[in-house]
There are 2 protein chains.
Amino acid sequence: MSLFETAELGHKVDDATYARREKKLRADLLDAQYELKELGAFPVVVLINGLDGAGKGETVNLLNEWMDPRHIEVHAFPEANEEEKQRPPMWRFWRALPPKGKIGILFGNWYTDAIVRRATRKDRKAEFGQHIVNIRRFERMLADEGVLILKYWFHLSQKGQEKRLRKLAANPRTAWRVTAHDWKLFKRYDSFVTTSEQALRETDAAHAQWTIIDGSDDNHRSLAVGEHLLAAMQARIKQHKTARKTAVKPVTGKPARKPGDDGRNVLNSLDMSQTLSDRKYARELEKWQGQLNLLSRHPKFREHSAVLVFEGMDAAGKGGAIRRVTAALDARQYHSIPIAAPTEEERAQPYLWRFWRHIPGHGQIVIFDRSWYGRVLVERVEGFCSEADWMRAYGEINDFERQLVDSGAIISKFWLSVSAEEQLRRFQEREQTRFKRFKITPEDWRNRDRWPLYETAVCDMVEKTSTDIAPWHLIAADDKQYARIAILRTLCENIEAAL
Amino acid sequence: MSLFETAELGHKVDDATYARREKKLRADLLDAQYELKELGAFPVVVLINGLDGAGKGETVNLLNEWMDPRHIEVHAFPEANEEEKQRPPMWRFWRALPPKGKIGILFGNWYTDAIVRRATRKDRKAEFGQHIVNIRRFERMLADEGVLILKYWFHLSQKGQEKRLRKLAANPRTAWRVTAHDWKLFKRYDSFVTTSEQALRETDAAHAQWTIIDGSDDNHRSLAVGEHLLAAMQARIKQHKTARKTAVKPVTGKPARKPGDDGRNVLNSLDMSQTLSDRKYARELEKWQGQLNLLSRHPKFREHSAVLVFEGMDAAGKGGAIRRVTAALDARQYHSIPIAAPTEEERAQPYLWRFWRHIPGHGQIVIFDRSWYGRVLVERVEGFCSEADWMRAYGEINDFERQLVDSGAIISKFWLSVSAEEQLRRFQEREQTRFKRFKITPEDWRNRDRWPLYETAVCDMVEKTSTDIAPWHLIAADDKQYARIAILRTLCENIEAAL
């Protein structure tokens, strides 16, 4: 039995019933919308998909009419523009996500392309399967971030669709809505429906359920969507109001030893004694900066981008290392992004949103001074997020980086490892030096006390996110000169390998 | 005597002097940069212009090397993309403005196109003159908003430029930097220099001064820019630290009568008795919504955009009117922007920045529910900004709207005029009605007490910003049905006239 069969039963609602139910519905929807806004706790993402002529556009317009359009954002996604093509396909959807307290209606979305390309046989099974996997991951992440995801599929029988399209085409006021593309897709009705059914089945989950809407009767369709949306919003609002906030506590004490743990880890196995003489440093610096400059202007680099991630304990030398990299680059080609506390707009979005907004187009280089790894480092150790949040971050980060690489980005991640003794020496130096007094705060001293906890977090991070496509480079950074050269060399090697 | 003559005297700085001065300079620059950031009171906009080969790129790279590149944003502006072409030319510069506390280096900027187009005779005198006027206005506005504007012009004699370009072209590491376009411009050296001189003379102002840099000697050039930038930043920082904050007080009491004022104004002259029967309303609503729908899908509308502004006292019926407009539109085509308190990112930018970020591309409609007029209404009356700020806002707003219109936008501005008695009735109703309880706050009652002050502010606003290209439409709104139809009809007429 087809998934869509119940949507072909010919549901109907008479006008009198409609008028009565609509009146109550719109008042309740408006109420729920304002409560959502007042609460400001989560966004609502409404996906509108399905067959042409099944009433998708009418429904979106109706939702805007019923509710306050000032707090609804509608996004449609025509063909990708140049800026979008240079970035991962999900970039434009990230940009369209509504902030907490608002409703975002995505009309045509991450399903559209995947289904159309498969139904018209532009994609093979394997590619389609990959799209589905990506979608599942993305929706899982959204749901974990608290987004209420509502997915509507508008269905019509083949006969029903033909009738609809003909009717629309016959009326001069609606004829514009039926394009040649629609008729082309209509000819592939079976293929389109079969592909859609597969997509729906494989992406139907408790946290992102599909609701199939019979599109044949206007009254029924409108009420079905509206009442479902209302119930879902009310349920989630209620849940938020009754949920008791369990405060997240910072981790304290020493991390537990895992069985079989001999105390050796990737950090303390690093040879920290490596140094570089001034003369050798000057020579190597010129060599690798020259090399990096050439690579950044390589014609093939115009089809790539570079994403650099710098992480390390306080005073590990991130800033200095970054400046040795940027000195080799044309200032028009790179952006350096210092990651501090998120802004108001950023806090109203899923965690990775504030990094997505900075990812480079082709030929560009973006340098993150601290990064999305904050979640599994400082946020984990300081208890700024729940354990569940940082635990799932590993997978989300790997997924994010894979998307970057797929779109042509060359990722280089550096952990600058400084010993506790050397850090202490640098802190003291900073307190005494005029130019460096800005760099040391009481917080730095506080973080120092949690050294063992940070060390465990770093080891876990390296273990879980050092992937083939974006491995971590652990840099012994007690000697700044050695570290800077190691970074420049690694960066050149990474770019060279990709070109 | 040419403006540039002193820049052809062959200034030179020997290496030893350079090394000594550079050491101090970079430490001081870094200090100033951190103070700028700590203070967070104003942004620095550095314009880099001048002849090719005169060391513009090298200087930008050097500034990034000397200071902390994490707090410098460098923007270059290659040819406008599709998104940019559909909006006013200044849009892409607005997007590149640095927030308070940061330095933005605009490499190629609002001068580049204007000068090159005139030097190559693509623009006539009149067009060039218009560009200059626009630039003066824009820089005046930036300065008034507290932006520290530093404009550097890199000069070379004709011989000097030729020598430079040849030298760059001869070295395989720098040859890429000399393009056919550079040589083409070099052939027009005289024309380019004469045009530039005119542009510089006409845009040199105390609040946005030009500094001409002799580009022939690397050492001299680097120090000249660096030391000038440092002095300017230090001076402004000092000024901010010593300036005593004079708190802005809200306006109170009754507004003063102007001489010859008989008490009649545009608001109290409006015939508030106009109404519309239910039957007539239903008929007219269908007619004008149908008309608006047709116009929004008109092929010619794809070369235009529509900007709608709704202002009015509380409970004047803005929301209801907006919903009657959006009901006629495809939800994919419009965005409705409710203007509330600015976000953190918006507060770090010039006042109009948060409106620029929402202006529509071609074929799109943006509806502002309250708008940039907040400055001359609520901010004036409540004393949220200084008198100087709201006084200059009239001119800035007219300029902003002119730019919108020039880029194809059709602007419709509505003031919904409600009488004090009708407002009171609606407030009371809101307090009693379930769906409307969200709509009434203590602030609404407070604003009501300031009615005469608001009335004066509105009359001033209409007088000063009702321009030919973007006139105000005063709508008698005591009867909601009458107001909605008047708005729909006016909107249709405006769009029709433009198409």
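Criteria and cut-off values
Residues numbered from 1 in each chain as written. Chains lettered and ligands numbered in written order. Predicted model: local features only at pLDDT ≥ 70, side-chain atom pairs only at ≥ 80, totals over all residues. Heavy atoms only, no water. Helix = DSSP H or I, 4+ residues; strand = E, 2+ residues; numbered from the N terminus. Buried < 20%, exposed > 50% of the residue type's maximum accessible area, 1.4 Å probe, protein only. Contact = heavy atoms within 4.5 Å. Areas by Shrake-Rupley, 256 points an atom, 1.4 Å probe, with all protein chains shown as cover. Lys, Arg positive; Asp, Glu negative; His and termini not counted. Charge placed at Lys NZ, Arg CZ, Asp CG, Glu CD. Polar contact = N/O pair within 3.5 Å; in protein donor to acceptor, adjacent residues only side chain to side chain. Salt bridge = Lys/Arg side-chain N within 4 Å of Asp/Glu carboxyl O. Nonpolar A, V, L, I, M, F, W, Y, C, P; charged D, E, K, R; others polar. Pairing = 2+ DSSP bridges. Axes fitted to C-alpha atoms, helices over the stretch in contact; angles between N-to-C directions. Phe/Tyr/Trp six-rings, centres within 6.5 Å; stacked < 30°, edge-to-face > 60°. Lys NZ or Arg CZ within 6 Å of the ring centre and 35° of its normal. Domains from an automatic or database assignment. Buried area = accessible area lost by both parts, 1.4 Å probe.

J.: How would you sum up the overall build of chain A? Please name residues and give values.
T.: Per the secondary structure count, chain A includes 20 helices and 10 strands. Principal-axis analysis of the C-alpha atoms gives chain A an extent of 85 × 55 × 45 Å. Relative to its 499 residues, chain A shows a buried fraction of 56%. Expressed as a percentage of contacts within chain A between residues at least 6 apart in sequence, the contacts between residues at least 24 apart total 83%. Here chain A has roughly 23100 Å² of accessible surface; of this, 50% comes from carbon and sulfur atoms. Once the 81 positive and 71 negative side-chain charges of chain A are each reduced to a mean point, those two points are 1 Å apart.

J.: For helix H2 (residues 56-66) of chain A, give the residues involved together with the corresponding values.
T.: The buried fraction of H2(A) amounts to 8 of the 11 residues, a majority that puts the element mostly inside the structure. Every buried residue of H2(A) is accounted for by A:Lys56, A:Gly57, A:Thr59, A:Val60, A:Leu62, A:Leu63, A:Asn64 and A:Trp66.

J.: Describe the environment of B:His362, and please don't skip the residues or the numbers.
T.: All names here are of chain B. Assignment of secondary structure puts His 362 in the loop between helix H14 (353-356) and strand S8 (365-369). Ignoring anything within four residues of it in the chain, the contact list for His 362 reads Gln 86, Arg 302, Glu 303, His 304, Ser 305 and Ser 407. A polar contact of 3.2 Å, which involves the side chain of His 362, links it to the backbone oxygen of Ser 407.

J.: Quick rundown of the interface of chain A and chain B? Include the residues and the values.
T.: Counting residues at the interface gives 49 residues for chain A and 50 residues for chain B. Viewed at the interface, chain B and chain A are joined by 4 salt bridges. A salt bridge links B:Arg357 to A:Glu345; the shortest N-O distance between them is 3.2 Å. Here chain A and chain B share 15 residue pairs in polar contact (both at pLDDT 80 or more) between them. Contributions of two or more residues to the side of chain A that touches chain B are made by helix H1 (15-39), H2, strand S2 (72-76), helix H12 (318-326), strand S7 (334-338) and helix H13 (344-347) of chain A. Tallying contributions element by element places H1(A) first for the side of chain A that touches chain B, with 8 residues. Its residues assigned to classes, the side of chain A that touches chain B shows 18 nonpolar, 9 polar and 22 charged.

J.: Tell me what's going on with the sheet that holds strand S5 (residues 210-214) of chain A, and back it up with residues and numbers.
T.: Residues and elements named next belong to chain A. Pairing is parallel in the open sheet, where 5 strands are placed in the order S2-S3-S1-S4-S5. On the outer flanks of this sheet lie S2 and S5, each paired with one strand and no other. For this sheet, the mean angle separating the axes of adjacent strands, direction not counted, is 20°. When strand S1 (residues 44-50) meets strand S4 (residues 148-155), the two strands line up parallel, connected through 7 bridges.

J.: Requested: an account of the sheet that holds strand S7 (residues 334-338) of chain B, with residues and values cited.
T.: All names here are of chain B. One open sheet holds the 5 strands; their spatial order is S7-S8-S6-S9-S10, and the pairing between them is parallel. The sheet is open, and its two edges are formed by S7 and strand S10 (472-476), each paired on a single side. If you compare each strand with its neighbour and ignore which way they point, the axes differ by 20° on average. Of the pairings in the sheet, the one linking strand S6 (residues 305-312) to strand S9 (residues 409-417) comprises 8 bridges and is parallel in character. The partner of Val 309 across the bridge, within S9, is Lys 413. With respect to the sheet, helix H19 (residues 451-465) is in contact with S9 and S10, its orientation differing from that of S10 by roughly 140°.

J.: Explain the side chain of B:Thr490 to me, and be specific about the residues and the numbers.
T.: Residue and element names in this part refer to chain B. For Thr 490, the location among the structural elements is in helix H20 (residues 480-498). By relative accessible area, Thr 490 is classed as buried at 10%. Polar contacts involving the side chain of Thr 490 include one to the main-chain carbonyl oxygen of Ala 486, which spans 2.5 Å. Excluding its chain neighbours within four sequence positions, the residues that come into contact with Thr 490 are Phe 414 and His 473.

J.: Quick one: what's the story with unusual backbone geometry, residue by residue and with numbers?
T.: You will see that A:Ala315, though not glycine, has its phi angle at about 65°, which is positive. Along the polypeptide, A:Ala315 turns up in the loop between strand S6 (305-312) and H12. The backbone phi angle of B:Arg121 is positive, close to 60°, even though this residue is not glycine. On the secondary structure map, B:Arg121 appears in the loop between helix H5 (110-119) and helix H6 (125-144).

J.: Residue-level account of the packing of aromatic side chains, with values.
T.: All names here are of chain B. A complete count under the given rule lists 40 aromatic pairs over all chains for this structure. Here the aromatic rings of Tyr 373 and Trp 472 are separated by 4.7 Å at their centres, their planes lie at 65°, and the arrangement is edge-to-face. Here Tyr 373, found in the loop between S8 and helix H15 (378-382), pairs with Trp 472, found in strand S10; they are 99 residues apart in sequence, far enough to count as distant. Summarising the burial analysis for this pair, Tyr 373 and Trp 472 share the class buried. Directly above the ring of Tyr 351 sits Arg 375, whose terminal nitrogen or CZ lies 4.3 Å from the centroid.

J.: Any details on the pairing of S1(A)? Residues and values, ideally.
T.: All names here are of chain A. Counting buried positions over the 7 residues of S1 gives 7, a clear majority of the element. Going residue by residue along S1, you find Val 44, Val 46, Ile 48 and Gly 50 tucked away on one face and Val 45, Leu 47 and Asn 49 tucked away on the opposite face as well. Bridge analysis of S1 against strand S3 (residues 103-107) gives 5 bridges, and the strand direction is parallel. Considered in S3, the bridge of Leu 47 is made with Leu 106.

J.: I'd like a rundown of the domain arrangement of chain A, residues and numbers included.
T.: Residues and elements named next belong to chain A. Taken domain by domain, chain A holds domain 1 (5-242) and domain 2 (278-498). Centre-to-centre, using C-alpha coordinates, domain 1 lies 39 Å away from domain 2. Across the contact, 16 residues belong to domain 1 and 20 residues belong to domain 2. When domain 1 packs against domain 2, the two sides together hide about 1700 Å² of surface, and 54% of this comes from carbon and sulfur. Our count for the contact surface shared by domain 1 and domain 2 stands at 3 salt bridges.

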